[in-house]
Amino acid sequence: MRAAALGVPQSATGASQAGRARAWQLRVGGVLLLGLALAALLAPYLAPHDPLHQDLPHALAPPSRAHPLGTDRLGRDVLSRVLHGARLSLVVGAAAVAGALAIGVALGALAGYGGRAADALVSAAVDLLLAFPGILLAIALAAALGPSARNVALALAVLGWPGYARLARAEIRAAAARDSTRAAEALGATRLRIALRHLLPAARPALVVQATFGLAGAIVAESSLSFLGLGSPPPAPSWGAMLAEGRSFLLVAPYLVIAPALALGATVLAIQLVGDALRARDGARP
Amino acid sequence: MLRYAGLRLVLALPTLAGVVLLVFGLLQVVPGDPVDVVLGEGASGADRERMRAELGLDRPAWRQLVAFAGGVAHGDLGVSLSTGRPVAETIVERYPATLELAAASLVAAVALALPLGIAAAARPGALADRASLALAAAQTALPTFCLGPLLILAFAVELPWFPVAGRSGPASLVLPALTLGLGMSAVLARQLRSSLLDALALDCVRTARAKGLSRSAVVLRHALPNASTAVLTVLGLQLGGLLAGAVVTETIFAWPGVGRLLVQAIGARDYPLVQGCVLVVAATYVLTNLATDLVQAALDPRLRGRG
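Bear in mind that the values here come from a model prediction, so they are computed numbers and not experimental data.

Whenever I open this one, the overall build of chain B confuses me. Can you help?
Along the backbone of chain B there are twelve helices and zero strands. By principal-axis analysis of the C-alpha atoms, chain B measures approximately 85 × 55 × 30 Å. Within the span of chain B, comprising 307 residues, buried residues form 38% of the whole.

Encoded structure:
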């Protein structure tokens, strides 16, 4: 777009270079993400120890062959906890995004294709919720509901839908103005059928990209809430809670903080790479 | 401009009313009976009734809402369950620390982003450009609660340059401000870079270059002002995020602000204090966004026409 603004035609080689970078991003991000998902899925088989098993005589042991990432203050194996933590992070993150996406798409479709009154109502709610710092409300809501993984997912879904609703509304309005939609209307298709068969498929690519970035955000938010003590109560292995616990032992056992921080960082980075590649593929919307 | 400012102020009122409504709703979604949660199941009947009256739970929900909203309008946020002191008083004590941290983080973010963004725009694809991209990637992958402990590990434990935690003079402000500011600076630098590149393509900037001005004069005096509005938008949005991010950062560094107060109140199940903290931070967020809009309109008259 910038090249066009400068009046410089984008060269074919430039485009294919970008394409190659995109393919590389998708491959690296996808492999990383797949590895993480497998690690999460197979955690009970991959983990060398029970993530909850306490071994007080060997508490705060440095990395060794038996404990590749050392042990925490209760002698629990850090590697096993990180692996099981991946499970919790991905499941809670995915549940939060799925919930937010379901609410957001339903309300966004209603606003974009359900008439003026519905649009005004939904848009007002979206504007109101987007005017708030989301993570603060999530903290408050999770605190009111009580600490548990389910409540974290619930809080993130209830507060995460406005972004999807806004996008779905915009995409659906654009699709509704297309000639093909007009033709379907003229042929007498019901509004519900048009919404499901014509409008939602048109909105899907943009929503998939947003949901990918949303997954990274939800995983970070889950860890933030767990860090603050609002996630799964102990002894559940959650990256955020492990970080919070490890802070007290920075001097003697820095790996207690470094291991979950790296796991979280790698997860977010992998998802971002996939999201970037998907976005670029769907026609470079900034 | 005045008319625009007045309009924006009026438009912010429903949002503020929404803040009050949502904060009120928090107590309503506490599962079961909040009195049980606060006092425990074994409390005596008289204690329970007193607590119920104190929280206003003995009245119908709409009466509670009216009383709550009326109290907020008068600056009365109720009484803390754990200390017995007025919530507003406690928050007023803690608020300056949060503002201080937010301001310092903002300064850190701008100080980092300005040179990085300008250098990145001056030579796209060169080292500074790549560095700003790497910083942006690192920022999203390392949220504050990862970065904070790592900074403590590096600059308070391994190299004992700064205090580990607490609020004891300017040195104690450095690490928390960096934790919050680093995250902001990445987004800010990327926005500055892209706005500067757009501005450098403007006719007026081309004219400035054509009349023989030096490269730095073109960038700093002609392109930078044109890029400032978009950067300001991001800055305003980030400032709001910063206030919310302060909850985590203040907890990491034991910084005695409203964010840490909120976490402490949650731990103590001190619902009025939780409500008060959320209300104050959310209202600050809404007002910050309003202030950003107004500053933008003052800088760019074209924006005043749009409602």
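Before we go on, may I ask you to explain the environment of Glu185(A) in this structure?
Secondary-structure assignment places Glu185(A) in helix H8 (residues 179-186). For Glu185(A), a count of 14 C-beta atoms within 10 Å puts it in the partly exposed group.

Explain the environment of Leu150(B) to me, please; I cannot follow it from the model alone.
By the element assignment, Leu150(B) lies in helix H7 (residues 144-158). The partly exposed category is assigned to Leu150(B), around which 17 C-beta atoms lie within 10 Å. Sequence-wise, Leu150(B) and Thr179(B) are 29 residues apart; in three dimensions their C-alpha atoms are separated by 9.5 Å. Discounting residues that sit within four places of it in the chain, Leu150(B) has contacts with Val257(A) and Ala261(A).

Before we go on, may I ask you to explain unusual backbone geometry in this structure?
Working note: non-glycine residues mostly have negative phi, and peptide bonds are mostly trans. Residue and element names in this part refer to chain B. Unusually for a residue other than glycine, Ala254 sits at a positive phi of about 50°. In this fold, Ala254 is placed in the loop between helix H10 (215-252) and helix H11 (258-267). The phi angle at Arg269 is positive, at roughly 55°, despite the residue not being glycine. Considering the arrangement of structural elements, one finds Arg269 in the loop between H11 and helix H12 (271-299).

Looking at this structure, I do not really get the nonpolar core. What am I missing?
Within soluble globular proteins, side chains that are nonpolar tend to cluster in buried spots. Counting 164 residues, the largest nonpolar core has Ala138(A), Ile139(A), Leu156(A), Leu262(B), Val274(B), Cys277(B) and Val278(B) as its most contacted members. No other element matches the 17 residues that helix H4 (residues 78-113) of chain A contributes to this core. Apart from residues lying up to four places away in sequence, Leu262(B) is in contact with Val247(B), Val274(B), Cys277(B) and Val278(B).

Definitions and cut-offs
Residues numbered from 1 in each chain as written. Chains lettered and ligands numbered in written order. Predicted model: local features only at pLDDT ≥ 70, side-chain atom pairs only at ≥ 80, totals over all residues. Helix = DSSP H or I, 4+ residues; strand = E, 2+ residues; numbered from the N terminus. Buried ≥ 20, exposed ≤ 12 C-beta atoms within 10 Å, placed from the backbone. Contact = placed C-beta atoms within 7 Å. Core = buried A, V, L, I, M, F, W, Y, C linked by C-beta atoms within 7 Å.

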